[in-house]
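Descriptive structure summary
Below are the chains, spelled out letter by letter.
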Amino acid sequence: MAKQIRMVLIDLSGTLHIDNTAISGAVEALNRLRSANIPLRFVTNTTKESSNFLHKRLMGLGFDIKREEIFSSLAAARKLIVSRKLNPMLLIDRVAIEDFENLVKNDDKVNAVVVGLAPDKFHYEELNKAFRLLLDGASLIAIHKGCYYKRADGLSLGPGAFVAGLEYSANVKAEIVGKPTAEFFKAALENVPSEEAVMIGDDVKDDIAGAQAIGIRGILVQTGKYREGDENIITPPPTKVCSSFVEAVEYILKNEV
């Protein structure tokens, strides 16, 4: 398999780490994968911290990851905002806000509501403000629409529930920026053909189904947000189901011929 692969896309939260804890063996497994000289790209929907903050966290956990190897939905959202010259209301966590510096123009009309994972902002007054902007014609942009994610204390609500609430109340449809959109995966691949890439992740819909929809092989890991039977809820099923990132790397490296 490895000889047929020109890029490995790797999810972060739930696949390599959970909060400030690395998945057991993941640091060493990543080092082994690098030794095969296959280009790597770390694709993440994480919106609760900026790319710089995330990179520092990963380095602190011992992962050998270059800042430029991280392709985040935050970066994709910023690019979209800039390209359309939008003035957004940001429902973004304060730790992630640095990725949107210089984008909000306080003296101009707000014409977009951008939603990431922002627990401190998911309360009535802030959501009602967003709702009124949508009624006034602002567009709704979801950095992603994840149902839930894994924290150290268990599964927790993702931004999807709040995006869906705004869609329902304002009678609008959100534009999704990150995984599982085809545009996100294609941008991450750059010029590598999808059939020559593999995606490793813990989210069967956003990571695996999204990747496989454009021809990328998907390896589902049973860590993070994985729940028993997830592999049976998508068609086609994952290319491979592995207990962890460690086993996924073993699968790639042992199928060289």
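First, a word on scope: everything that follows refers to the structure included in this document.

**As for the pairing of strand 1 (residues 7–10)**
Neither face of strand 1 is left uncovered, since the one carrying M7 and L9 and the one carrying V8 and I10 both have all their residues buried. In this sheet, strand 12 (residues 197–201) lies alongside strand 1 in parallel orientation, the contact comprising four bridges. Considered in strand 12, the bridge of V8 is made with V198. Where strand 1 lies against strand 4 (residues 40–44), three bridges are found, and the strand directions are parallel. Among the inter-strand pairings, V8 is bridged to a residue of strand 4, identified as L40.

**What about the side chain of T46?**
Residue position: T46 is located in the loop between strand 4 and helix 2 (51–60). At a separation of 2.9 Å, a polar atom in the side chain of T46 contacts the side chain of T44. Excluding residues that lie within four positions of it along the chain, T46 makes contacts with S13, S73 and L74.

**Let's talk about the pairing of strand 7 (residues 112–115)**
The alternating pattern of strand 7 places A112 and V114 and V113 and V115 on opposite faces, both of which are buried. Judged from the four bridges that link them, strand 6 (residues 88–91) and strand 7 form a sheet pairing that is parallel. The partner of L91 across the bridge, within strand 7, is V115. The pairing of strand 7 with strand 8 (residues 139–142) spans four bridges and is parallel. Within strand 8, the residue paired with V113 across the bridge is L140. Once the chain exits strand 7 it traverses helix 4 (residues 124–135) before rejoining the sheet at strand 8, and the crossover so formed is right-handed.

**Some remarks on the sheet that holds strand 5 (residues 70–72)**
Taking strand neighbours across the sheet as the criterion, the six strands line up as 5-4-1-12-13-14 in an open arrangement whose pairing is parallel. Edge positions in the sheet fall to strand 5 and strand 14 (240–242), since each has one partner strand and no second. Each strand of the sheet is rotated relative to its neighbour by a mean of 25 degrees, with strand direction disregarded.

**Let's talk about the sheet that holds strand 6**
Spatially, four strands are ordered 6-7-8-11 in an open sheet, and the strand pairing comes out parallel. Where the open sheet ends on each side, the last strands, each with one partner, are strand 6 and strand 11 (175–176). Its contacts with the sheet put helix 5 (residues 160–170) on strand 7 and strand 8, and the angle it makes with strand 8 is roughly 160 degrees.

**A short note on the packing of aromatic side chains**
Summed over all chains, the structure comprises three aromatic pairs. Each ring, one from F122 and one from F162, has its centre 4.0 Å from the other, and the planes form 15 degrees; the classification is stacked. In this pair, F122 is assigned in the loop between strand 7 and helix 4 and F162 in helix 5, connecting sequence segments 40 residues apart. Judged by relative accessible area, F162 falls into the partly exposed class, the value being 22%. Each ring, one from F184 and one from F185, has its centre 6.1 Å from the other, and the planes form 85 degrees; the classification is edge-to-face.

**A few points about the packing of helix 4 against helix 5**
Taken N-terminus to C-terminus, the directions of helix 4 and helix 5 make an angle of 45 degrees; their axes are 10 Å apart at the nearest point. Our classification of the angle between helix 4 and helix 5 gives oblique. Note on packing geometry: the crossing formed by helix 4 with helix 5 is right-handed. Residues L127, A130, F131, L134 and L135 of helix 4 pack against F162, L166, S169 and A170 of helix 5.

**Some words on the pattern of salt bridges**
Pairing of side chains with opposite charge becomes possible as their charged atoms draw close. All chains considered together, the criterion is met by 14 salt bridges. Of the charged contacts in the structure, one is a salt bridge between K179 and D11, with a shortest N-O distance of 2.9 Å. Taken together, the positions of K179 in the loop between strand 11 and helix 6 (182–189) and D11 in the loop between strand 1 and strand 2 (17–18) put the pair 168 residues apart, joining distant regions of the chain. Exposure class is identical for K179 and D11. Each is buried. In this structure, the salt-bridge partner of E69 is R34, at a minimum N-O distance of 2.5 Å. Of the two residues, E69 sits in the loop between helix 2 and strand 5 while R34 sits in helix 1 (residues 26–35), which places them 35 residues apart along the sequence. The two residues E69 and R34 agree in class, both being buried.

Definitions and cut-offs
Residues numbered from 1 in each chain as written. Predicted model: local features only at pLDDT ≥ 70, side-chain atom pairs only at ≥ 80, totals over all residues. Heavy atoms only, no water. Buried < 20%, exposed > 50% of the residue type's maximum accessible area, 1.4 Å probe, protein only. Helix = DSSP H or I, 4+ residues; strand = E, 2+ residues; numbered from the N terminus. Pairing = 2+ DSSP bridges. Polar contact = N/O pair within 3.5 Å; in protein donor to acceptor, adjacent residues only side chain to side chain. Contact = heavy atoms within 4.5 Å. Right-handed = clockwise from strand over helix to strand, strands pointing away. Axes fitted to C-alpha atoms, helices over the stretch in contact; angles between N-to-C directions. Phe/Tyr/Trp six-rings, centres within 6.5 Å; stacked < 30°, edge-to-face > 60°. Parallel < 35°, antiparallel > 145°, perpendicular 65-115°, else oblique. Left-handed = near helix turned anticlockwise from the far one by under 90°. Salt bridge = Lys/Arg side-chain N within 4 Å of Asp/Glu carboxyl O.

Distances and angles like these do not, on their own, reveal function.
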